[in-house]
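Next come the chains, spelled out residue by residue.
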Amino acid sequence: MGLVDEAGEVRAGEALDVEALQGWLAREVPGLAGPVEVLQFPKGHSNLTYLLRVAGREVVLRRPPFGAKIKSAHDMGREFALLSGLRQVWDKVPEPLAYCEDEGVLGAPFYLMERLSGLIIRKRMPPGVEAGPEAMRALCEAMVGTLAEIHAVDWRAAGLEGLWRGQGYVRRQVEGWTDRYVRAKTDEIPEIEQVAAWLAANLPEEGAPALIHNDFKHDNLVLDPAVRGRASWRVVGVLDWEMATVGDPLMDLGTTLAYWVEATDPAPVRSFAFCPTDVPGSYTRAELVRRYEEVSGREVKDPVFYFAYGLFKLAVVAQQIYRRFKQGHSKDARFASFILGVRILGGLGARAIEKGRIDRLG
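Rules used in this analysis
- Residues numbered from 1 in each chain as written.
- Predicted model: local features only at pLDDT ≥ 70, side-chain atom pairs only at ≥ 80, totals over all residues.
- Heavy atoms only, no water.
- Helix = DSSP H or I, 4+ residues; strand = E, 2+ residues; numbered from the N terminus.
- Rg over C-alpha atoms; globule rule 2.2 N^0.38 Å.
- Buried < 20%, exposed > 50% of the residue type's maximum accessible area, 1.4 Å probe, protein only.
- Axes fitted to C-alpha atoms, helices over the stretch in contact; angles between N-to-C directions.
- Parallel < 35°, antiparallel > 145°, perpendicular 65-115°, else oblique.
- Left-handed = near helix turned anticlockwise from the far one by under 90°.
- Contact = heavy atoms within 4.5 Å.
- Nonpolar A, V, L, I, M, F, W, Y, C, P; charged D, E, K, R; others polar.
- Salt bridge = Lys/Arg side-chain N within 4 Å of Asp/Glu carboxyl O.
- Core = buried A, V, L, I, M, F, W, Y, C linked by side-chain atoms within 4.5 Å.
- Pairing = 2+ DSSP bridges.
- Phe/Tyr/Trp six-rings, centres within 6.5 Å; stacked < 30°, edge-to-face > 60°.

A. A look at the overall build of the protein. When helices and strands are tallied, the protein shows 11 helices and nine strands. Whereas a compact globule of 362 residues would reach a radius of gyration of roughly 21 Å, the protein reaches 20 Å, a difference of no more than 12%. For the protein, the C-alpha atoms occupy an extent of roughly 60 × 45 × 40 Å along the three principal directions. Expressed as a percentage of its 362 residues, the buried residues of the protein come to 53%.

Written as structure tokens, this is what we have:
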């Protein structure tokens, strides 16, 4: 098996209308006329990502999930415009190619972008990739360095001023995610509501605005298969910009911390590990924060707040997906267990708040 991330069969219930897509490409996208082969990348709990093979090229198509009604989280036009601007000032994003706002083609707006080939690390390190302590530590360094790069991007030069809504980002996020949870709620989970109330009562001072990714983790990084291992890793691209905006960068750090499961976390938390962050050599969450402070020049005064916020946000996203599955809008069997994830994330957030720290929570 090769190390470059590959697409596979399209999941049940997520097929595209190939005939309609083929017609649109022939009319609207020069050089992409002809028969189209459609595959689907295996990741994605939110927007769906497909590989198209047409006219001797490979391009990627992004569209919202079927049945989704949360328009702000699935705005293809916004994502396309963001990539178009960002690509002008930072080369670690795929080049956007075309946008379709006509829902009559595929049932929802979608866009095309170039394919960034490379190694993508998911829940565990793939076979054949060095995963010793030195290699894992080097991977952590590359990741944190890339996060700091994003936060240093000149978002005004990229034409992204429209994403900045002024001071109050932290409050808006806490209130917004709390409102989304209430609207998506299906079960009584006291820990989630406790975390939401604590966040609202403990808002920190807001930092200077920066471009933030809002979903920064291992499987949104494209790595160079030729530059990886004990000494260094090279990040060639960052994917999935659907939630990116301009705001307090420490809130972005909080989301990354929420994905960062440690070896000392409770067993239920480790069972839901998103990425290989609990293996020897990987940073602890506290080490991640210290490294971020070093490379970004920003001080993180209250890591518990940002960690708890990140956990709460992930729990709300999981709740929204579970509600969509429960209502029959998605047939993806992965989503049946997401309510358990909501409970686990809420419990870990409550535990971090109680203990006043972000690690040693087992």
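Read on for the rest.
B. Spatial organisation of the packing of helix 6 (residues 190-201) against helix 11 (residues 338-355). Here helix 6 crosses helix 11 at 45°, and the two axes come no closer than 8 Å. Classed by the angle they form, the pair helix 6 and helix 11 counts as oblique. Crossing angle aside, the handedness with which helix 6 passes helix 11 is left-handed. In this structure, helix 6 uses E191, I192, Q194, V195 and W198 to contact helix 11, whose residues at the interface are V342, G346, G347, G349, A350 and I353. Grouping the constituent residues of the contact of helix 6 with helix 11 by class yields six nonpolar, four polar and one charged.

C. Up close: unusual backbone geometry. At A55, a position not held by glycine, the phi torsion is positive, near 55°. Its location among the elements puts A55 in the loop between strand 2 (48-54) and strand 3 (57-63).

D. Broad picture of the pattern of salt bridges. Taken as a whole and assessed by the stated rule, the structure comprises 25 salt bridges. R62 is the salt-bridge partner of E79, the closest N and O atoms lying 2.9 Å from each other. In this pair, E79 sits in helix 2 (residues 76-86) while R62 sits in strand 3, placing the two residues 17 residues apart along the sequence. Here R62 falls in the buried class, since its relative accessible area comes to 1%. Two residues, K217 and D219, come together in a salt bridge whose shortest N-O distance is 3.2 Å. Both residues of the pair, K217 and D219, count as buried. Taken together, the shared-partner salt bridges connect E6, E37, R53, E58 and R115 into one network.

E. Quick peek at the nonpolar core. In terms of nonpolar packing, the biggest core is built from 94 residues, with W233, W241, L253 and F312 touching the most fellow members. It is helix 10 (residues 303-326) that contributes the most residues to this core, 14 residues altogether. Beyond its immediate stretch of four places on either side in the chain, L253 contacts L147, L288, V289, Y292 and V300. Formed by 20 residues, the second largest nonpolar core is a distinct cluster that contains W24, L61, A98 and C100.

F. Representation of the sheet that holds strand 1 (residues 36-40) in the model. Sheet architecture is open: five strands sit in the order 1-2-3-5-4, paired in antiparallel fashion. Pairing within the sheet leaves two strands with one partner each, and these edge strands are strand 1 and strand 4 (96-100). Averaged over all adjacent pairs, the angle separating strand axes in this sheet is 25°, with direction ignored. Relative to strand 5 (residues 110-114), strand 4 runs antiparallel, the two sharing four bridges. Across the sheet, C100 pairs through a bridge with F110, a residue of strand 5. Set on the sheet, helix 1 (residues 18-28) makes contact with strand 1, strand 2, strand 3, strand 4 and strand 5; between it and strand 1 the angle comes to about 120°.

G. Focus on the packing of aromatic side chains. In this structure the tally under the stated criterion is nine aromatic pairs. Relative to W241, the ring of W90 lies with its centre 6.2 Å away and its plane at 80°, an arrangement referred to as edge-to-face. Linking W90 in the loop between helix 2 and strand 4 with W241 in the loop between strand 8 (235-238) and strand 9 (245-247), this pair joins segments that are 151 residues apart in sequence. Neither W90 nor W241 differs from the other in exposure class; each is buried. Ring geometry for Y259 versus F274: centroids 4.8 Å apart, planes at 90°, classification edge-to-face. Linking Y259 in helix 7 (residues 249-259) with F274 in the loop between helix 8 (267-271) and helix 9 (285-296), this pair joins segments that are 15 residues apart in sequence. Using a relative accessible area of 28% as the deciding quantity, one classes F274 as partly exposed.

H. Fine view of the packing of helix 5 (residues 169-184) against helix 6. Relative to each other, helix 5 and helix 6 sit at 160°, their axes nearing to 10 Å. Looking at the two axes, helix 5 sits roughly antiparallel to helix 6. Regarding helix 5 and helix 6, the two cross each other, and that crossing is left-handed. Touching V174, T178 and Y181 of helix 5 are I192, E193, A196, L199 and A200, all from helix 6. Tallied by class, the residues present in the contact of helix 5 with helix 6 amount to six nonpolar, one polar and one charged.

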